[in-house]
Every structure is written in C-alpha cells, then in structure tokens.
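Here's the letter readout for the chains.
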Amino acid sequence: MLIKVTVLPGDGIGPEVTKQAVRVLEGLAAAFGHELTCTQKDIGGAALKSSKDPLPNDTLQACLSSGAVLLGAVGGPSFDSFPSHLRPESGLLRLRRELGVFANLRPATCYPSLEDCSPLRADIVKGTDILIVRELLGGIYYGEPRLIQGPTGDRSATDTMRYTEKEIERVARVAFELARSRRRNLVSVDKANVLDCSRLWRDVVTRISQDYVDVKTSHMYVDSAAMALVSHPADFDVVLTENMFGDILSDQAASVVGSLGMLGSASVGGPVGLYEPIHGSAPDIAGQNIANPVGAILSVAMLLRHSFKLKREASCVESSVAGVLAAGYRTRDVAKHGHGCLSTEEIGGKIAEAIRVAAACTENVAS
Ligand code: IPM
Ligand code: MN
C-alpha cells in the first residue's frame, strides 16, 4: 500500500518529536512492505519566518493531496505580540478547518508501567483508559465576531461561542460509534447550567443517544467533570465535549496518566486526517533532545489505523511503545526518580527497533 503523508514539524519541540515519529513510520513501512512518501512543509512560526503566512498555500495544497497529515506543534513566545491572524496557532486552526476535521480523538491510557508517574496515587489512576472526543471546528475557537476594540485603558474584547445543531450532531455520532467499539459508556460534558450553547449541546446529544440505546449515556457539567477526572479517572470511557472544554480536559487527562508528552491525537471527519501529539511546542525544552516523542509516535499509530485502515501496523506501533516503556526506558518527563533517562533520539531508536523485531516475529508466525 502507498502511505502518502505530509509532515509538518512546526515549532519548538515539533521538529524533534516528528523526526522520531517519521523514523518509526519509515521502519514500519519497510517491515510491513508498504511504500512510504513523506513530504515536509512549513506551518506555524516556521512558516511565518519563511513566508509571513502561518499556513502557506503550498503547505495546504500538499496536505490536501496526501493521505494524511502528521504535525508536530506550533507556537512560541516570539510571536506573542503578533495580531491573532499572524500567530502560529491561526495556521493550525485554519488547517483544521480546511481539512474539515471536526472530531478530535484524544485517548488517555495509563500504561501499567507508568502508574507511578502520575501526580495522583497509583491506585487511583490504575486502569484509566479514556477517549476524549473533542469537537474541533466550532465553539469559541471559530465563532464570529471576535475582536478587541476601544482606546488603550478602555478597551473591550469579544469572543463568540456558537454551535449549530448539525455541528453537535456530527461529532456526537462519531463519539457514540466509538463508544460501541469500547466499553459503551459515554459522558457528555457541558456547562448547561450557564451557557445556551451547552443547553443546545445537551439537547442534541440526548436526541442522538436515542439511536444508541446500547451505550450508557450521561451528562456532566465541566467543573464537576474536571473534579471527577482527578478523583476517579478510571470510571470514564468516552468523554464527548465541545472545543474549548476538550482542549482543557485533555491536558488534564494527559497529566493524570503520566505526562502531556505521551498522548497522540487524530482529527478526523474530512477527506484527509490530521494527526498530532496533544502537547504544545514546549519552547523551554526545545532543541535539547530531551522531549518525549511518544505522543508523536502514538499519533502515527492513529494515522495508520484511521487514514490507512492498517490495524495490524497500528497495533504493532502501540505494543512496541508499551514494550519499551515496560522495559523501563523513559524520557525525562516520565523517568523514575533516581533512574537514568533516554534522549528523544534514543527512545525513538528503541521504539523503532522494537517494531523491527515485532514485525519479524509476525512474519515468522505467518510463514
Ligand atoms: C491543542 C493546542 C491547540 C488548541 C492550539 C495550539 C491552537 O492547544 O491542540 O490542544 O488549542 O487546539
Ligand atoms: Mn491544547
């Protein structure tokens, strides 16, 4: 099979972690006999520097004509004073919209070997396996109007949270379908005691849930969900929520299961899927070869599964990551106290090697 991917390393630690993700993808393609083409393009701050546009047309066209997009991270402190349309983040938001990827899947799984890395007690995080389904193209991220107006000292700012029934319905269906492939338990998170958008959200999700009577559905306010996520995270299965709540709760869930560096994500719903670790550009540790590439590597697994329907290959990446972690190899963010840790490149190498070995075993079993 031809695996045609556009790679957007972006800013900060983006280039380092995507380099390891591509290395894993190359190893996997070779081991399973797939043809791979990776085209690298600029996005975010890197693109602003090279062409004064955080999403140059050349980058967008490459993405639209590939089978999937793998992205590192965007953003950095040097762009903080730029107007919003010239910030690195606006390139990513436009890319999501152009690709039509309205459903963002963010799995947060606690690996048994990492139970002691959580800031929470091991007995609380044990068994945590959450899939956050975040609506990605609506809400306050995209609503109009949005502006800052008035003279300094007397300015006001406006952002608009807006949702249509159709936007809620399409992401809800994705979440319910995924719940069917898991433990059939879905919590929809909103703030329906305050926001009209959330009242509409709850109304639509309730209606859709009638098509999925085999899925246990409940609703929670976002403040109470934030609390439940740290007091009994293992009780959650699928969490369905709007754009901004999903952004916040997924960072929290990542920290609960060990580290922000561990989570990959898939943004789907359009013709071309977008895959990115959920962490940001982490400028404080960029360029030091210490960032955790696991989130980027797990994004590759999701890319193989969702965009290319390569289930066996996706599982191979996931089990290789689990194996390397179980063997005690860690980057700094998840290292055990007093134990040595590996660099970004070293852990990438360990995972690539584990994939090579696993693929060879599969071949032997098959033949
Ligand atoms: C994420 C990031 C982005 C978001 C930023 C970089 C625009 O935080 O993917 O979670 O808020 O969606
Ligand atoms: Mn975020």
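Residues numbered from 1 in each chain as written. Chains lettered and ligands numbered in written order. Predicted model: local features only at pLDDT ≥ 70, side-chain atom pairs only at ≥ 80, totals over all residues. Heavy atoms only, no water.

A. Layout of the pattern of salt bridges. Enumeration according to the criterion identifies 24 salt bridges in this entry. In this structure, glutamate 115 engages lysine 126 in a salt bridge whose closest nitrogen and oxygen atoms are separated by 3.9 Å. Of this pair, glutamate 115 sits in the loop between strand E4 (103-109) and helix H5 (122-125) while lysine 126 sits in the loop between H5 and strand E5 (129-135); the two residues are eleven residues apart in sequence, bridging distant segments of the chain. You can call glutamate 115 buried: its relative accessible area is 16%. Each of the salt bridges in this network shares a partner with another, and the network as a whole consists of Glu165, Glu169, Arg173, Arg207 and Asp211. (Salt bridge = Lys/Arg side-chain N within 4 Å of Asp/Glu carboxyl O. Helix = DSSP H or I, 4+ residues; strand = E, 2+ residues; numbered from the N terminus. Buried < 20%, exposed > 50% of the residue type's maximum accessible area, 1.4 Å probe, protein only.)

B. Molecular detail of helix H4 (residues 88-99). Taking 1.5 Å per residue, twelve residues should reach 16 Å; H4 reaches 17 Å between its end C-alpha atoms and fits that length. Where H4 terminates, the next one or two residues include glycine 100, which has phi positive at roughly 70°. (Expected span 1.5 Å × (residues − 1).)

C. Representation of the domain arrangement of the protein chain within the structure. For the protein chain, the assigned domains read domain 1 (1-102 + 269-367) and domain 2 (109-258). The partner domain 2 presents 18 residues to the 15 residues of domain 1 that form the contact. With both chains or domains summed, domain 1 and domain 2 bury close to 1,500 Å², and 68% of this area falls on carbon and sulfur atoms. When the buried surface of domain 1 facing domain 2 is broken down by residue, Arg96, Phe102 and Ile278 rank first, second and third, together holding 41% of it. (Domains from an automatic or database assignment. Contact = heavy atoms within 4.5 Å. Buried area = accessible area lost by both parts, 1.4 Å probe.)

D. Representation of the site of ligand 1. Taken together, Glu89, Arg96, Arg106, Arg134, Tyr141 and Asp247 form the complete shell of residues around ligand 1. Contact distances for ligand 1 include 2.9 Å between an oxygen atom and a side-chain N or O atom of arginine 106. Arginine 134 places a side-chain nitrogen or oxygen 2.8 Å from an oxygen atom of ligand 1. Here the residues of the shell around ligand 1 sort into one nonpolar, no polar and five charged. (Near = heavy atom within 4 Å. Polar contact = N/O pair within 3.5 Å; in protein donor to acceptor, adjacent residues only side chain to side chain. Nonpolar A, V, L, I, M, F, W, Y, C, P; charged D, E, K, R; others polar.)

E. Broad picture of the pairing of strand E6 (residues 143-149). Here E6 runs beside strand E7 (residues 156-160); their pairing, made up of four bridges, is antiparallel. Bridge pairing in E7 places isoleucine 148 opposite alanine 157. Here E6 folds back onto E7, and the loop between the two strands holds six residues, one of which, glycine 150, carries a positive phi near 100°. (Pairing = 2+ DSSP bridges.)

F. Representation of unusual backbone geometry in the model. Following glutamate 144, the chain continues into proline 145 via a peptide bond in cis, with omega recorded as 0°. Tracing the backbone through its elements, the reader meets proline 145 in strand E6. Phi is positive for asparagine 289, close to 60°, though the residue is something other than glycine. Its location among the elements puts asparagine 289 in the loop between strand E12 (273-275) and helix H10 (294-306).

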